[in-house]
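Fold and geometry: a report
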Amino acid sequence: MKKILNKPENYVNEMLEGLYIAHPDLITYTNNDVRCLVTANKKEGKVGIATGGGSGHLPLFLGYVGKGMLDGCSVGDVFQSPSAEQMHAVTKYIDSGAGVLYIYGNYNGDIFNFDMAAEMADFEDGIRVESVVGADDVASAGPTELGQKSTRRGVAGIVFVYKCAGAAADAMLSLDEVKRVAEKAAHNVRTMGVALTPCIVPRVGKPGFSLGEDEMEIGMGIHGETGIRRGKLESADQITVEMLDQIVSDLPFSKGDEVAVLVNGLGATPVDEQYIVVRKINEQLGKLGISVHRFYVGEYATSLEMAGLSISLMKLDAELKTYLDAPAQTPFFVQL
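Residues numbered from 1 in each chain as written. Predicted model: local features only at pLDDT ≥ 70, side-chain atom pairs only at ≥ 80, totals over all residues. Heavy atoms only, no water.

Comments concerning the packing of helix H5 (residues 175-187) against helix H8 (residues 318-325)
Angle between the axes and distance between the axes are the two parameters that describe a pair of packed helices. With their axes 11 Å apart at the nearest point, H5 and H8 run at an angle of 100 degrees to one another. Overall, the two elements H5 and H8 adopt an arrangement that is roughly perpendicular. Between H5 and H8, the contacting residues are Arg180, Val181, Lys184 and Ala185 on the first element and Glu319, Leu320 and Tyr323 on the second. Looking at the contact of H5 with H8 residue by residue, the class counts come to four nonpolar, no polar and three charged. (Axes fitted to C-alpha atoms, helices over the stretch in contact; angles between N-to-C directions. Helix = DSSP H or I, 4+ residues; strand = E, 2+ residues; numbered from the N terminus. Parallel < 35°, antiparallel > 145°, perpendicular 65-115°, else oblique. Contact = heavy atoms within 4.5 Å. Nonpolar A, V, L, I, M, F, W, Y, C, P; charged D, E, K, R; others polar.)

Below, the structure written as structure tokens:
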């Protein structure tokens, strides 16, 4: 294992200490716990928005705390959920009287601990908490209707939910309205990924799975969860068409729709290769009569040093477009 680290057991805390040093104008921590990351620019009277999850996915989850997006994030060990107590501490700090919205990925540990934190906030502090779960991975389960519980994994598409909900909260909408916007965004996002290599959890020191030098896996999750097809590595255009076809047919997206597109590197894929995928996405969507309002390209939700990428589409209407276009500034996301 070749990694630039000190002791594996200090990996997460030392990473967080570096973040606080680099971005003191945007983030700090509460409860004397570096894993309870919060905004340094609390806005009174605004709905607080919190997320959380395991480390190893930077910029997800903590990288979107800042101005116009999230207000707090509880941070777990690599690929492990943070504790309910850490989530509760973040909730207390970011509440300014308007309530708190949790937005997190659809993973059992996160669901259990966020639910417990919400109960603690209500019982101990009288803070109203609502939750929206990101579940955008079309490879992991079938689709569900708006308002129904999904069994899909939450992956990179949750960034669109953060962006729209954060802008709605920044516009001083009520908790019910911010939740509605977040649910609307989540319902209109679809993602699929492809992995080319495994990753190595620092404490483990070896890959969690193996892929041959000439293999890829379509639909693999960000923790190495099984995808829908493993096979020989194909061209960028072939990979893009296969993933995009499944994304477009799932919502479904159709002629005349306007979308935002997120091309996300998983940690070890050069941005050069991501832009090769962008050109094919644009070509394919053009053939389908689907217009692109915005492209986002880069690393938004990684899996340590995994090679591969994901594609996310969010179907837009006038309301979602307004919130998507609103300014925001976090350590990893700047939109003027």
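Some thoughts on the sheet that holds strand E5 (residues 100-105)
A sheet is described by the order of its strands in space; here six strands give the open sequence E1-E2-E4-E3-E5-E6, paired in mixed fashion. Each edge of the sheet is formed by a strand with only one pairing partner; in this case those strands are strand E1 (27-29) and strand E6 (129-134). Across this sheet, the average inter-strand angle for adjacent strands is 25 degrees, counted without regard to direction. As judged from the three bridges shared by strand E2 (residues 36-39) and strand E4 (residues 72-78), these two strands associate in the antiparallel manner. Bridging across to E4, Cys36 finds its partner in Ser74. Packed onto the sheet, helix H1 (residues 11-22) meets E1, E2, strand E3 (48-55) and E4 and runs at close to 145 degrees relative to E4. Against the sheet, helix H3 (residues 108-125) makes contact with E3, E4, E5 and E6, and its axis sits at roughly 170 degrees relative to E5, the strand it touches most. (Pairing = 2+ DSSP bridges.)

Quick word on the sheet that holds strand E8 (residues 215-218)
The mixed open sheet is built from six strands, whose spatial order is E9-E8-E7-E12-E10-E11. What marks the edges here is a single partner per strand, and that holds for strand E9 (229-232) and strand E11 (291-298). Each strand of the sheet is rotated relative to its neighbour by a mean of 15 degrees, with strand direction disregarded. Pairing of strand E7 (residues 189-195) with strand E12 (residues 308-315) involves seven bridges; the strand directions are antiparallel. Counted as the bridge partner of Met192 is Ile311 from E12. Contacting E7 and E12, H5 crosses the sheet at an angle of about 50 degrees to E7.

A closer look at the pattern of salt bridges
Taken as a whole and judged by the stated rule, the model has 24 salt bridges. We note a salt bridge from Lys184 to Glu319, for which the minimum N-O separation is 2.7 Å. Placement of Lys184 in helix H5 and of Glu319 in helix H8 is noted, with a sequence separation of 135 residues between them. Of the charged contacts, one joins Lys321 and Glu258 as a salt bridge, the two residues approaching to 2.7 Å between their closest N and O atoms. A residue pair is termed long-range when its members are at least 10 positions apart, and Lys321 in helix H8 and Glu258 in strand E10 (residues 258-265) qualify at 63 residues. In the salt-bridge network here, residues are joined through shared partners; they are Glu177, Arg180, Lys184, Asp317 and Glu319. (Salt bridge = Lys/Arg side-chain N within 4 Å of Asp/Glu carboxyl O.)

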